[in-house]
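The residues making up each chain are set out below.
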Amino acid sequence: MTDLIKRAVDDITAANHVVALTGAGISVESGIPPFRGKGGLWEKLDPMEFAHIDSFMRDPAKVWDILIREMKGVIDTAKPNDAHIALYRMQKLGKLQSVITQNVDGLHQSAGVADVIEFHGTFARQFCLKCGKTYETGMINLTQIPPTCECTGILRPDCVFFGEAIPENEMARSQVEASQCDLMLVIGTSAIVQPAAFMPVIARENGAKIIEINPEPTSLTNRISDYLIEGGAGSIMKQIADELEKAAGHAK
Ligand code: NAD
Ligand code: ZN
């Protein structure tokens, strides 16, 4: 165990209200590419061309064909990895109150985490632009692009595109969690997309410790976070959960 992992275990043990803020990086080891960074989708695609709501409304077939088809392919079959499972293990120990996630892949819920705030909505569901009827993404057939509702309206994912507002309820709950926690784990996020990247700032202003887990420094490092544990989320989070369980076992 490295010194920083030991430090994180001690800090989590001492904390009363732990919240995790997660980004695309936590799902990389589940085979879902992030947007930014090495191997990210943005190496191939221009975000404003494909992930902006105006682009979708202008040409839904193009966005479905290039971006949504690719996301559906990976998300439909992805499974939680050690990092998602470690957060569930922390929850079972009473050491995790909630997860604020920017991800739309549903993997925290698949791992069993009870309180997941989906800041950017979910890709698990599509809804009809005309009548609002919802469909499970896994059930949608891509023989016709864009896929349509039985009413002929075009379907879109129930997630937040660039240019769209964060759902009110998720925004409010995240702010409450960020201001009430005394420790925030920031896992696998480049902390560039706002307002999600502001949650650690709120936490810090309210006196919380901020621990980052990421293979590389971000804009929070050395500024908002107390320390960065450098590396992949799976192995680091697994070591943290192992140590917390060991300590809980000894305490019995
Ligand atoms: P991002 O793509 O901007 O950044 C990913 C971060 O993860 C980087 O800082 C990178 O260094 C880090 N990372 C890479 N591999 C890692 C690993 N193994 N363990 C831990 N960290 C790792 O991601 P973002 O900050 O979440 O912002 C992108 C937006 O795109 C999000 O708001 C999200 O809505 C969306 N998105 C979601 C998914 C998903 O649901 N899985 C995937 C791609 C993008
Ligand atoms: Zn419809």
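Rules of the game
- Residues numbered from 1 in each chain as written.
- Chains lettered and ligands numbered in written order.
- Predicted model: local features only at pLDDT ≥ 70, side-chain atom pairs only at ≥ 80, totals over all residues.
- Heavy atoms only, no water.
- Pairing = 2+ DSSP bridges.
- Helix = DSSP H or I, 4+ residues; strand = E, 2+ residues; numbered from the N terminus.
- Axes fitted to C-alpha atoms, helices over the stretch in contact; angles between N-to-C directions.
- Donors = N, O, S within 2.8 Å, 3.2 Å for Na, K, Ca; no water.
- Tetrahedral: all angles 85-135°; square planar, octahedral: opposite > 155°, others 65-115°.
- Buried < 20%, exposed > 50% of the residue type's maximum accessible area, 1.4 Å probe, protein only.
- Near = heavy atom within 4 Å.
- Polar contact = N/O pair within 3.5 Å; in protein donor to acceptor, adjacent residues only side chain to side chain.
- Nonpolar A, V, L, I, M, F, W, Y, C, P; charged D, E, K, R; others polar.
- Domains from an automatic or database assignment.
- Core = buried A, V, L, I, M, F, W, Y, C linked by side-chain atoms within 4.5 Å.
- Contact = heavy atoms within 4.5 Å.

(A) Representation of the sheet that holds strand β4 (residues 121–128) in the model. Strand order across the open sheet formed by three strands is β5-β4-β6, with antiparallel pairing between neighbours. In this open sheet, the two edge strands, each paired with only one partner strand, are β5 (134–136) and β6 (155–159). Looking at each pair of strands side by side, their axes are set apart by 40 degrees on average, direction ignored. For β4 and β5, the ladder comprises three bridges, and the chain directions are antiparallel. Counted as the bridge partner of Arg125 is Glu136 from β5.

(B) View of the coordination of the zinc ion (ligand 2). All of the protein donors around the zinc ion (ligand 2) are Cys128 (SG), Cys131 (SG), Cys149 (SG) and Cys151 (SG); their distances to the metal are 2.3 to 2.4 Å. For the zinc ion (ligand 2), the four donor atoms are set out with angles of 102 to 117 degrees between them, so the coordination reads as tetrahedral. Donor residues binding the zinc ion (ligand 2) come from one chain and are separated in sequence as C-x2-C-x17-C-x1-C. Taken as a pair, Cys131 in the loop between β4 and β5 and Cys149 in the loop between β5 and β6 lie far apart in primary sequence, 18 residues in all.

(C) Spotlight on the sheet that holds strand β3 (residues 116–118). The strand order across the open sheet formed by six strands is β3-β2-β1-β7-β8-β9, and the pairing between neighbours is parallel. Only two strands of the sheet have a single neighbouring strand rather than two, namely β3 and β9 (227–230). This sheet shows a mean twist of 20 degrees between the axes of neighbouring strands, independent of strand direction. Summarising the sheet, strand β7 (residues 183–187) and strand β8 (residues 209–214) pair through five bridges and their orientation is parallel. Each residue of the ladder has a partner; that of Leu183, found in β8, is Lys209.

(D) Region of interest: helix α5 (residues 82–92). Listed in full, the buried residues belonging to α5 are Ala83, His84, Ala86, Leu87, Arg89 and Met90. Looking one or two residues beyond α5, the residue adopting positive phi is Gly94, at roughly 80 degrees.

(E) Representation of the site of ligand 1. Taken together, 26 residues are adjacent to ligand 1, and Arg36, Gln102, Thr189, Ser190 and Asn214 come closest. The contact in question runs from an oxygen atom of ligand 1 to an N or O atom on the side chain of Asn214, over 2.7 Å. Looking at the shell around ligand 1 residue by residue, the classes come out as 11 nonpolar, 11 polar and four charged. Structurally, the shell around ligand 1 is a two-domain feature, drawing no fewer than three residues from each of domain 1 (1–31 + 80–120 + 166–252) and domain 2 (33–77 + 125–159).

(F) Fine view of the nonpolar core. In this structure, Leu87, Met90, Leu185, Ile187, Ile229, Met237 and Ile240 are the most contacted members of the largest nonpolar core, which totals 29 residues. Looking at this core, the elements with two or more residues in it are α1 (3–14), β1 (18–22), α5, β7, β8, β9 and α9 (233–251). The element contributing the most residues to this core is α9, with six residues. Look past the residues within four positions of Met237 in its chain and what remains in contact with it is Ala83, Ala86, Leu87, Met90, Leu185, Ile187 and Ile213. By size, the runner-up hydrophobic cluster in this structure holds 25 residues, among which are Trp64, Ile75, Cys128 and Cys149.

(G) Expanded view of unusual backbone geometry. The residue after Ile145, namely Pro146, is reached through a cis peptide bond having omega -5 degrees. The peptide bond linking Gln194 to Pro195 adopts the cis configuration, its omega dihedral lying at 5 degrees. Its location among the elements puts Pro195 in the loop between β7 and α8 (199–205). Of note, the phi angle at Thr152 is positive, near 85 degrees, even though the residue is not glycine. In this fold, Thr152 is placed in the loop between β5 and β6. Residue class for Thr152 comes out exposed when judged on its relative accessible area of 55%. Of note, the phi angle at Asn222 is positive, near 65 degrees, even though the residue is not glycine.

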